[in-house]
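# Topology and contacts: notes
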Amino acid sequence: MIDPVAKFPSELDQLPDRDTEETAEWAASLDAVAKAAGPHRAAYLMRRTLQHAEGAGLALPKLLETDYVNTIPSSSEPAIDGDEEMERRITAWNRWNAAAMVTRGSKYGVGGHIATFASAAWLYETGFNHFFRGKEGDGSGDQLYIQGHASPGIYARAFLDGRLTEAHLDKFRQESGGDGLPSYPHPRRLPWLWEFPTVSMGLGPLSAIYQARFNRYLTNRNIKDVSNSHVWAFLGDGEMDEPESTAALALAAREGLDNLTFVINCNLQRLDGPVRANFKIVQELEAQFRGAGWNVVKSLWGGAWDELFQLDTTGALVRRLREVPDAQVQTYQTRDAAYIREDFFGKDPALVEMAKLLSDDKILECFHLSRGGHEPRKVYAAYKAALSHKGAPTVILAQTVKGFTLGEGFASKNANHQMKKLTNDEFKNMRDLLELPISDAQFVDGQVPYGHPGAGSPEVRYLQERRAALGGPAPARRSHAIAPLPAPADKSFAAFDKGSGSQSMATTMAFVRLMKDLIRDKTTGKRWVPIVPDEARTFGMESLFPSLGIYSPKGQTYEPVDRDQLMYYREAKDGQILNEGITEAGSMADFIAASSAYATHGEPMIPFYIFYSMFGWQRTADQMWQLGDQLGRGFLVGATAGRTTLTGEGLQHADGHSPVIAATNPAALSYDPAFAYEVAAIVKDGLRRMYGEAAPGEDRDVFYYLTVYNEPMPQPAKPSGIDEGIVKGLYRFNTAESAGVTVPVNASRIQLLGSGTAIHWTLEAQKLLAEEWGVAADVWSATSWTELRRDALEADAALLRGEERTPFIRKALEGVESPVLAVSDYMRQVPDQIAQWVEQDYSSLGADGFGLSDTREAARRHFGVDAQSIVVAALAQLAKRGEVPVTSVKEARERYGL
């Protein structure tokens, strides 16, 4: 009897074996097969046994890799529901026009990518003809994340179906005139066509996962039933190296997102060369996705390979395919039959014998032409399998050739990503290969012509009929005619107008309290989408857990440990809160899906995403750009904001620059409110602008970034007549006189501008200046340095057009003759944004440099922004003007120990 225990310890050793003799018999049978028929036969039987066990419902771990062959055998492929020859002709026209558009544009030096769509054409065309649902049918249609470099092919299809003209194609990458086509999918630039910006690689797959999840969220919360929507993400195999591409695979599997399909174009090439030169990217991705819990469908080889696999009685062909690295597969694409016979088949005697049965033409057909991603039957079968699979998302790994049909100069060449045009001779060869009715005479003045069979041609009629049956054109973005949301009751916002009295309150808490009230609104409350990355308790949001519930598609299958407490941890299938765990990228992907639901699903949702300010823009600024590109709306809230407000945490938590990064995003309205009533006023205005009645000329497709601090401070009552200043970025909070400080008659005066938590040090400095130095200081609240700057830039532009316009900052400070000192808990670059438009003498204080761990007081002294430092800076500014003695500056430094 053979010992069934392996030579090395096994996890099975710790489990009881109730029949060791039976175990030994199974092992002996396997050994006998391996000895008699070879290890390949033994491995085949084991694989068959495991597949049978899985089909029988036995709980076994899945194998992470399968052989380098198609998942779906040719014998199991369903018949295509359509006219294959007609679809071939349509695809040929689209291939031609995509290449022609980029080539014609190359004379202007604008570039473009040809090879990606050439490899992926059938992946898109099969979907457009049979699977992708449009927005004119029931529901919301499907969501398509188009690979950025494939955009020429999508434009070519829109040209064929009449949505674009030749004039449009000739404006590819030439947008300044207003009617050009953007280089890649950009909803902000072409909002009727593109839904999702994808060319910042890695963000497409991440967003697609969270879009599919948000679709389930909308359905489970009874906002809208979008269960018929399917999310399709088209990706490159090189793109999968981006960390964001695979960051949320486990989430998609964990939540059973069978409404999601990844289609990965495995042309084995990235921008500079092979994706895995010495390895196999398909096998690597298969293991990664299977390990994460996805259903994997491989479509690697075309029908020409069926004969070869039937001849593989020894398994030598499958073994050889498994061992040949990707770079060598790419080389076979460019070499003759003799080379392939020697290098591929010559490595194994069984393969040498097989090659004798194959003609050179057959070998070249297999290695040059026959790929699963280039054959509509293979692609159709894979898509059908993906849609029929339930309980998990599906990834389709489709092998293609980059630059397919573009000729020997393009196909599989390492440099083809940078190659922007074909010669006329190459186009003519391509024409003959695709069998297109384009004559040599149509190449006028050496320029390649566009091709179109005619608006009434069978090809166009077929294309339009297929799209009509599937719910209209795709891709397409729809801006639904949605009535403005009713404004919440004023009492929610007015609750902060009286101030906090003797109670101290951080603006973080003020924002959370405001949200609690707004979410209770009977009309719009259900549309709020609270998003937080595992920091809800930090921000005082745990009270929302039992009332709103944390979204989970499984509900709550356990009894929470704190069930007997008032604010217990409650998960629910219809939960409203998206608590994402420790993933700012995932939280932002949530926000993007929710922020554009008004277009994707015709349902305006109001997301607010609250996060440690240091971990927002610094980590996910690329996604903030994606949000702006996607025309998203909502509120980003950077909590515990400022360089010095978060005690003890130190450098990695001390945000002194998020407003600088936010200022670079044209779609972001960035605010640093000082008081609770300012938070309320800004949110109220944001709801009006984004979801209510926007003023004429206002862009609704913006999002708000609010910084809020966690330092409990007395919150004052709201002065009258300041709403415009709050929204525009600046108002005078008080004067020395209205503040009740005593100053001499004709005292020197200075204007102190503060934002966020810095306003409180500024108010303290106002008292010190009056009481100890006899200086009158007026205090201004600068709610948005960035909005002040943007307004000033617009005023400058208006002046160049011959229009008279004064920046708001100058209007606000009009008549002020004293100097201005701006103070911020951020680097000086933040308040210095407005310096050139301030006519008075201007200086600033800020927290430049790295943060540090200490008390708030010590940190502020370190950065020179505490009240005493403000006093010294104010005296120095006045001393320069001769309004106070120069000696007072030195005296103040010594008195305060600076």
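See the structure above.
As the structure is a prediction and not an experimental result, all values here were calculated from the model.

When the terminal C-alpha atoms of helix H4 (residues 115-130) are compared, their 24 Å separation across 16 residues agrees well with the 22 Å that a helix rising 1.5 Å per residue should span. The largest bend in H4 comes to about 55 degrees, at Ala121. Counting buried residues in H4 gives 16 out of 16 residues, a clear majority hidden from the surface.

Turning to the sheet that holds strand S2 (residues 231-236), a few remarks are in order. Reading across from one edge, S1-S2-S3-S5-S4 is the order of the five strands in this open sheet, with parallel pairing throughout. Edge positions in the sheet fall to strand S1 (143-145) and strand S4 (295-299), since each has one partner strand and no second. Taken over all neighbouring pairs, the strand axes of this sheet differ in orientation by 15 degrees on average, direction set aside. In terms of strand pairing, S4 meets strand S5 (residues 394-399) through five bridges, oriented parallel. Following the sheet pairing, Ser299 is matched in S5 by Ala398. Where H4 meets the sheet, it contacts S1, S2, strand S3 (260-266) and S5, and its direction lies at approximately 150 degrees from that of S3. Where helix H10 (residues 281-292) meets the sheet, its contacts fall on S3, S4 and S5, and the angle it forms with S4 comes to roughly 160 degrees.

Attention now goes to the pattern of salt bridges. As enumerated under the stated definition, the model contains 55 salt bridges in all. Salt-bridge contacts for Lys280 lead to Asp326; the nearest nitrogen and oxygen are separated by 3.9 Å. Remark: Asp326 occurs in helix H13 (residues 326-332) and Lys280 occurs in the loop between S3 and H10; sequence separation between them is 46 residues. Since its relative accessible area comes to 9%, Lys280 is described here as buried. Where salt bridges share partners, they join Glu85, Arg88, Arg89, Glu435 and Glu459 into one cluster.

Before going further, it helps to spend a moment on unusual backbone geometry. For the bond from Ala474 to Pro475, the omega torsion is -5 degrees, close enough to zero to count as cis. Note on placement: Pro475 falls in the loop between helix H19 (458-469) and helix H20 (490-494). Phi at Leu268 is positive, roughly 70 degrees, even though this residue is not glycine. For Leu268, a relative accessible area of 4% corresponds to the buried category. The backbone of Thr640 shows a phi angle near 45 degrees, a positive value even though the residue is not glycine. Residue placement: Thr640 occurs in the loop between strand S12 (634-639) and helix H26 (658-663).

Calculation notes
Residues numbered from 1 in each chain as written. Predicted model: local features only at pLDDT ≥ 70, side-chain atom pairs only at ≥ 80, totals over all residues. Heavy atoms only, no water. Helix = DSSP H or I, 4+ residues; strand = E, 2+ residues; numbered from the N terminus. Expected span 1.5 Å × (residues − 1). Bend = angle between axes of the 7 residues up to and from the residue. Buried < 20%, exposed > 50% of the residue type's maximum accessible area, 1.4 Å probe, protein only. Pairing = 2+ DSSP bridges. Axes fitted to C-alpha atoms, helices over the stretch in contact; angles between N-to-C directions. Contact = heavy atoms within 4.5 Å. Salt bridge = Lys/Arg side-chain N within 4 Å of Asp/Glu carboxyl O.

Everything listed is a geometric property; what it means functionally is a separate question.
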